[in-house]
Amino acid sequence: MPRFNTFWWAGYECTDQQNAFGNRVDFLPLTGHLDRLDDDYRDISDLNIRTVREGIRWSQVEKRAYIYDWTVVRQMLQRGGALGIQQIWDICHFGYPDDLTPLHPMFARRFAAICKAFVPIYREVFPDGPLIVTPINEVSFISWLGGDVRGTVPYCTKQGLEVKMGLIRAYVEGIAAMRDVDANIIILTTEPLVNMVPPLKASRQEITNARNAHENQYQAVDMLMGRLHPELGGAPHMVDVVGLNFYYNNQWVIPTYELLPWGNEGNDPRFRRLHLLFLEVYKRYRKPIALTETSHPGIDRPGWIRMIARECAAAKQVGVPLEGICLYPIIDRPDWDHLERPWHRSGLWDASPDGVDMLPGQTPGRYLSQPYAEALQQAQRMIS
């Protein structure tokens, strides 16, 4: 039996992090999703999507250590059950309680405690069937953002590996705590999938540097699988599905960070098609994979999703066990560092009419991007 209700998923932006200026952002209410939960779920059902990624928002549930308020999570679970929507749950999507950072000595213990507390809350509504959890979203990205470039907590430089190890230690303890309650919980990782390449006519050292940078994208899952820093407690059974997040800007040159255009109009020999990157991951881990985030802002949304469908079909043809594609975000979002700027227009639904920018304080609406929706329906037919 497939573990996901539908092959196509919807991802609701649920970050609750502290941004580069130290301000807490909370996207579930900001995008209007909490207020429009039933309508959002009915909208995606009309497009044959009945699996979603959601987040509990750790910073909102645990305002005081070990004291939890599950009111909003319970409401979301109940509405998902009532409307036939399968919810995949992020426990930590970039945000931590105010008194914690991944470098805090109690971080892993606190995280394991909330993971364990979540399971019976879920089982109140869904006593049977699979519980699919992403304990920590994008360890690779958030450890770089907070540990190397001071973009979020703990606002460090040159501490990326230490932050990553702190997150993985918590990830492993969180899995163990959940499986103490329910041994059948399914763990879905969600890590960026990138292609880092050397300059054209590169020196031997530049080629080595780019290869090492490319290889380092796998550190988080390698740690979870016990292949790297086994003292953290990782093991192969800690990962059930390898989730990969892939966007239009996920291929670049080291060390200049020049992007390789996603359409590869110049036939750059360093560019790699997505299905070949999927194949690299599958050969490395021999686990099922899922495309857990993908989108493109603006007018390129239709072309992007058609390309994604072609590449995913190609991946299946070469034997990659691909279990799902998540449109992320499914509804439009702002920039978490600059909330006053125009929203990204990267969702299937925009928050304001075409040509009208969202302004601070406005109530976000739902305006279906018709070209994107038509391209999605073509993509769904292509995959099926």
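A quick note: this is a predicted structure, and the numbers were derived from the prediction, not measured. (Residues numbered from 1 in each chain as written. Predicted model: local features only at pLDDT ≥ 70, side-chain atom pairs only at ≥ 80, totals over all residues. Heavy atoms only, no water.)

J.: A description of the overall build of the chain should follow, citing residues and the corresponding values.
T.: On a plain count of helices and strands, the chain comes out with 12 helices and 13 strands. Taken over C-alpha atoms, the radius of gyration comes to 20 Å for the chain, in line with the 21 Å a tight globule of 384 residues would show. Projected onto its principal axes, the C-alpha positions of the chain cover 60 × 50 × 45 Å. Considering the chain as a whole, with its 384 residues, one finds that 58% of them fall into the buried category. Seen as two clouds, the 40 positive and the 45 negative side-chain charges of the chain have centres 5 Å apart. (Helix = DSSP H or I, 4+ residues; strand = E, 2+ residues; numbered from the N terminus. Rg over C-alpha atoms; globule rule 2.2 N^0.38 Å. Buried < 20%, exposed > 50% of the residue type's maximum accessible area, 1.4 Å probe, protein only. Lys, Arg positive; Asp, Glu negative; His and termini not counted. Charge placed at Lys NZ, Arg CZ, Asp CG, Glu CD.)

J.: Could you give an account of the confidence of the model for the chain, naming the residues involved and the relevant values?
T.: Confidence in the prediction for the chain averages 97 pLDDT; 100% of positions are at 70 or higher. Put simply, helix α1 (residues 27-30) is where the chain has its lowest mean pLDDT, 96, and strand β4 (residues 132-136) is where it has its highest, 99. (pLDDT = per-residue confidence, 0-100.)

J.: Tell me about the packing of helix α6 (residues 139-147) against helix α7 (residues 160-181), residues and numbers included.
T.: It is at 8 Å that the axes of α6 and α7 come closest, and there the two elements cross at 135°. Our classification of the angle between α6 and α7 gives oblique. As α6 packs across α7, the resulting crossing turns out to be right-handed. On α7, the residues touching Val139, Ser140, Ile142, Ser143 and Gly147 of α6 are Gly160, Val163, Lys164, Leu167, Ile168 and Tyr171. Looking at side-chain class alone, the contact of α6 with α7 contains 6 nonpolar, 4 polar and 1 charged residues. (Axes fitted to C-alpha atoms, helices over the stretch in contact; angles between N-to-C directions. Parallel < 35°, antiparallel > 145°, perpendicular 65-115°, else oblique. Left-handed = near helix turned anticlockwise from the far one by under 90°. Contact = heavy atoms within 4.5 Å. Nonpolar A, V, L, I, M, F, W, Y, C, P; charged D, E, K, R; others polar.)

J.: Which residues make up the side chain of Gln87, and what values go with them?
T.: Topologically, Gln87 is positioned in strand β3 (residues 86-92). You can call Gln87 buried: its relative accessible area is 3%. Among the polar contacts made by the side chain of Gln87, one reaches the side chain of Tyr41 at a distance of 3.0 Å. If near-sequence neighbours (up to four positions away) are discounted, Gln87 is found in contact with Tyr41, Val52, Glu54, Met76, Leu77, Gly80, Phe126 and Ile132. (Polar contact = N/O pair within 3.5 Å; in protein donor to acceptor, adjacent residues only side chain to side chain.)

J.: If you had to explain the sheet that holds β4 to someone new, which residues and values would you point to?
T.: Overall, parallel pairing links the 9 strands, which are arranged β5-β4-β3-β2-β1-β11-β10-β8-β6 in an open sheet. The sheet terminates laterally at β5 (186-187) and β6 (191-192), the two strands that pair on one side only. Two elements, strand β2 (residues 51-55) and β3, share 5 bridges in a ladder whose sense is parallel. What sits directly across from Thr51, in β3, is Gln86. Sitting on the sheet, helix α2 (residues 37-45) touches β1 (8-11), β2 and β3, and the angle it makes with β2 is about 150°. Set on the sheet, α7 makes contact with β4 and β5; between it and β4 the angle comes to about 150°. (Pairing = 2+ DSSP bridges.)

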